[in-house]
Amino acid sequence: MRSETAPMWSTFLVALGIILLFTALLYIATGKIKLKRDSYVTRAETPQKFWAIIGGCVAISAVALIIAVPHFGPGG
């Protein structure tokens, strides 16, 4: 008999994907990323590094959502 709820790992991956997308949007809105207490990556000073981090967040979230979303719904 199949369960009507999604597996725990897919719930975790969906949450991870949503959080990473939100984080990327927050970084884009502020224009800087805090790496350590006193270390920042800003869009104006180092745009390549800034957009690489944004691209990484979006890529990982897309993969997580593509893998996990099909496991939601009846019959998981």
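Residues numbered from 1 in each chain as written. Predicted model: local features only at pLDDT ≥ 70, side-chain atom pairs only at ≥ 80, totals over all residues. Heavy atoms only, no water.

### Focus: the overall build of the protein chain
To keep things clear, this is the line we draw: The way it works is that DSSP assigns letters per residue, a run of H or I at least four long becomes a helix, a run of E at least two long becomes a strand, and they are numbered from the N terminus. In this scheme, a residue with accessible area under 20% of its type's maximum is buried, one over 50% is exposed, and one in between is partly exposed, where area comes from a 1.4 Å probe on protein chains only. In this analysis, two residues are considered to be in contact whenever any of their non-hydrogen atoms come within 4.5 Å of each other.
A count of helical and extended segments in the protein chain gives two helices and two strands. Counting helices and strands in the order they occur from the N terminus, the protein chain gives α-β-β-α. Each of the 76 residues in the protein chain was classed as buried or not, and the buried ones make up 22%. In the protein chain, of all internal contacts separated by at least 6 residues, the share reaching a separation of at least 24 is 57%.

### Some details on the nonpolar core
In globular proteins that are soluble, nonpolar side chains generally tend to be buried together. Note the following rule: Here, the term nonpolar core denotes a set of buried Ala, Val, Leu, Ile, Met, Phe, Trp, Tyr and Cys residues that are joined through side-chain atoms within 4.5 Å.
Ranked by size, the top nonpolar core spans seven residues in total: Leu 20, Ala 24, Ile 33, Val 41, Phe 50, Ile 54 and Cys 57. Mapped by element, the contributors of at least two residues to this core are α1 (8-30) and α2 (47-68). With three residues, the single largest contributor to this core is α2. Among residues more than four places away in sequence, those in contact with Phe 50 are Tyr 27, Ile 28, Gly 31, Lys 32, Ile 33, Val 41, Thr 42 and Arg 43.

### Quick look at the pairing of strand β1 (residues 32-36)
How we decide: A pair of strands is labelled paired if DSSP reports no fewer than 2 bridges between them.
In the sheet, β1 pairs with strand β2 (residues 39-42) via four bridges, with the strands oriented antiparallel. The residue of β2 that forms the bridge with Lys 34 is Tyr 40. Once β1 ends, the chain turns through two residues before running back antiparallel as β2.

### Considering the confidence of the model for the protein chain
Condition: Predictor confidence is given residue by residue as pLDDT, running from a minimum of 0 to a maximum of 100.
Here the protein chain averages 88 in pLDDT, while 88% of its residues score no lower than 70. When mean pLDDT is compared element by element in the protein chain, α2 scores highest at 95, while β1 scores lowest at 92.

### Re α2
Rules: In a helix, the anticipated span is given by 1.5 Å times the number of residues less one. For this quantity, the arc is that covered by the directions from the helix axis to the C-beta atoms.
Taking 1.5 Å of rise per residue, the 22 residues of α2 would be expected to cover 32 Å, and the 31 Å separating its terminal C-alpha atoms lies within 8% of that figure. Within the span of α2, buried status applies to Phe 50, Ile 54, Cys 57, Ser 61, Ala 64 and Ala 68. Buried residues of α2, seen end-on, are gathered within an arc of 100° and therefore sit on one face of the element. Opposite its buried face, α2 presents the exposed residues Gln 48, Ala 52 and Ile 66, each directed more than 90 degrees away. Looking at the buried positions of α2, the neighbouring elements they touch are α1, β1 and β2.

### Topic: the side chain of Ser 10
Secondary-structure assignment places Ser 10 in helix α1. Residue classification places Ser 10 among the buried positions, given a relative accessible area of 0%. Excluding residues that lie within four positions of it along the chain, Ser 10 makes contacts with Ala 68, His 71 and Phe 72.

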